[in-house]
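Analysis of the macromolecular model
The lines below spell out each chain.
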Amino acid sequence: MTEHTHHASHDGAHGYASDKEAYLKRMRRIEGQVRGIARMIDEDVYCIDILTQVSAVKSALQAVSLALVEDHLGHCVVDAARQSDDAGAEKVREAAEAIGRLVRS
């Protein structure tokens, strides 16, 4: 797991705050899927079956990522834009960089 880096400060609740439990539930499900893949490898399961599960985990993580982007844009970026043009521009830049990382992965 990579170290969490926090680029910009954010006052108040994060965009995902209202859906936090749903995000946690989704991440626990993904965590279980990853553990299942490790078990499959340990049990010498057929490669294609493992790859199918890896693809499912990747899709699930992409879905979480897209939902977080939407929450960030709808909450954090909008709130920053209401504060000032500069704050809004900074949040848009930050979001664009994050989206760029998602697209490259």
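Structure first, text after, so check above.
These notes cover the structure that comes with them. Everything numeric in this text was worked out from a predicted model, so none of it was measured.

According to the stated counting rule, one finds five salt bridges in the structure shown. Glu94 serves as the salt-bridge partner of Lys91, at 3.5 Å between the closest nitrogen and oxygen. Placement of both Lys91 and Glu94 in helix α3 (residues 85–104) is noted, with a separation of three residues, approximately one turn of the helix. Each of the salt bridges in this network shares a partner with another, and the network as a whole consists of Glu90, Arg93 and Glu97.

This next bit is on the packing of helix α1 (residues 20–42) against helix α2 (residues 47–83). Taken N-terminus to C-terminus, the directions of α1 and α2 make an angle of 160°; their axes are 10 Å apart at the nearest point. The angle between α1 and α2 places the two elements in the roughly antiparallel class. For the pair α1 and α2, the crossing hand works out as left-handed. Partitioning the contact of α1 with α2 into residue classes produces 17 nonpolar, two polar and three charged.

Parameters at a glance
- Residues numbered from 1 in each chain as written.
- Predicted model: local features only at pLDDT ≥ 70, side-chain atom pairs only at ≥ 80, totals over all residues.
- Heavy atoms only, no water.
- Salt bridge = Lys/Arg side-chain N within 4 Å of Asp/Glu carboxyl O.
- Helix = DSSP H or I, 4+ residues; strand = E, 2+ residues; numbered from the N terminus.
- Axes fitted to C-alpha atoms, helices over the stretch in contact; angles between N-to-C directions.
- Parallel < 35°, antiparallel > 145°, perpendicular 65-115°, else oblique.
- Left-handed = near helix turned anticlockwise from the far one by under 90°.
- Nonpolar A, V, L, I, M, F, W, Y, C, P; charged D, E, K, R; others polar.

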